[in-house]
Amino acid sequence: MSCWWWGVTNILPEDAPVVAAMPPARVPRWLWLSFGTLVAWGFWAFLPKLALQSMPPSSVIFYEALGNLIIAIPVFLYLRGRLAWHGRSVSLAALMSGMTVFAFLMYFFALKAGPVATIVTLTALYPVVVILLARVFLKEKLNRLQWLAVGMAVCAAVLLAA
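Report follows, based on the coordinates.

Parameters and conventions
- Residues numbered from 1 in each chain as written.
- Predicted model: local features only at pLDDT ≥ 70, side-chain atom pairs only at ≥ 80, totals over all residues.
- Heavy atoms only, no water.
- Helix = DSSP H or I, 4+ residues; strand = E, 2+ residues; numbered from the N terminus.
- Buried < 20%, exposed > 50% of the residue type's maximum accessible area, 1.4 Å probe, protein only.
- Areas by Shrake-Rupley, 256 points an atom, 1.4 Å probe, with all protein chains shown as cover.
- Core = buried A, V, L, I, M, F, W, Y, C linked by side-chain atoms within 4.5 Å.
- Contact = heavy atoms within 4.5 Å.
- Expected span 1.5 Å × (residues − 1).
- Phe/Tyr/Trp six-rings, centres within 6.5 Å; stacked < 30°, edge-to-face > 60°.
- Lys NZ or Arg CZ within 6 Å of the ring centre and 35° of its normal.
- Axes fitted to C-alpha atoms, helices over the stretch in contact; angles between N-to-C directions.
- Parallel < 35°, antiparallel > 145°, perpendicular 65-115°, else oblique.
- Left-handed = near helix turned anticlockwise from the far one by under 90°.
- Nonpolar A, V, L, I, M, F, W, Y, C, P; charged D, E, K, R; others polar.

Counting its regular elements, the protein contains six helices and two strands. If you list the helices and strands of the protein from N to C, you get β-β-α-α-α-α-α-α. Considering the protein as a whole, with its 162 residues, one finds that 11% of them fall into the buried category. Entry remark: accessible area of the protein is about 13,300 Å², with carbon and sulfur atoms responsible for 74%.

Below, the structure is given as structure tokens:
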């Protein structure tokens, strides 16, 4: 019997039970990108702890911003006049930038003083804030099971951080 995932041929007795192997479903691109994001954010959350061993948080955030600029310039050049502009969205992006710097500073000062595993676990609860903001401003709703999952996530993070 030929098994597609082994790439070899197996010989089974006639009376051996055989389960037909199904080829795997195609993994959607968004799922691969999500896993890539997960790994990248894992490194993003951990690497500052190493940098903070020899520099203060304000210096680390400066070099992180410089790295962002180094990435942004080629993207800007690639877009060549196709950069979208909408006043409200640009204002929101500027607010996001300010919140990011503020969050990074708090995160880096926390990392400088505490254990990376605990700090990352606690700050990983930010989706709860997103859920609450989406409920208030976008009127998005969660069902009871989803709220239970949110509560379990909060409990898990608290237990992991303890």
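Let's shift gears to the nonpolar core. Counting 10 residues, the largest nonpolar core consists of Ala 45, Leu 52, Val 60, Ile 61, Phe 104, Tyr 107, Phe 108, Leu 111, Val 116 and Ile 119. Residue assignment for this core shows that the elements contributing at least two residues are α2 (57-79), α3 (87-113) and α4 (116-123). Top element by residues in this core is α3. It accounts for four residues. The contacts of Val 60, once residues within four sequence positions are left out, are Ala 51, Leu 52, Met 55 and Phe 108.

Although it is not a glycine, Arg 80 sits at a positive phi angle of roughly 40°. As for its position among the elements, Arg 80 is in the loop between α2 and α3. Even without glycine at this site, Lys 139 takes up a positive phi of about 60°. Relative to the elements of secondary structure, Lys 139 occurs in the loop between α5 (126-137) and α6 (144-161).

Spanning 12 residues, α5 covers 16 Å between terminal C-alpha atoms, matching the ideal 16 Å at 1.5 Å per step. Phi turns positive, to about 60°, at Lys 139, one or two residues after α5.

Inspection of the entire model under this criterion finds five aromatic pairs. When the ring of Trp 44 is compared with that of Phe 104, the centres are 5.5 Å apart and the planes differ by 45°; the resulting orientation is tilted. Highlighted residues: Trp 44 in helix α1 (residues 29-51) and Phe 104 in helix α3, separated in sequence by 60 residues. Look at Trp 44 and you get partly exposed, because its relative accessible area is 34%. Classification of Phe 104 by relative accessible area gives buried; the value is 13%. Taken together, Trp 44, Phe 104, Tyr 107 and Phe 108 form an aromatic cluster joined through their ring pairs. The ring of Tyr 78 is capped by Arg 82, whose NZ or CZ atom sits 5.3 Å from the centre of that ring.

Let us now look at the environment of Val 158. Within the secondary structure, Val 158 sits in helix α6. Considered as a pair, Val 158 and Thr 121 are 37 residues apart in the sequence and their alpha carbons are 8.2 Å apart.

All of the buried residues along α4 are Val 116, Ile 119 and Thr 121. Elements that come into contact with the buried residues of α4 comprise α1, α3 and α6.

Moving on, we get to the packing of α2 against α3. Look at α2 against α3: their axes get within 9 Å of each other, and the N-to-C directions meet at 135°. Considering the angle they form, α2 stands oblique to α3. Helix-helix and strand crossings are classified by hand; for α2 and α3 the assignment is right-handed. On α3, the residues that touch Pro 57, Ser 58, Val 60, Ile 61 and Glu 64 of α2 are Val 101, Phe 104, Leu 105, Phe 108, Phe 109 and Lys 112. Its residues assigned to classes, the contact of α2 with α3 comprises eight nonpolar, one polar and two charged.

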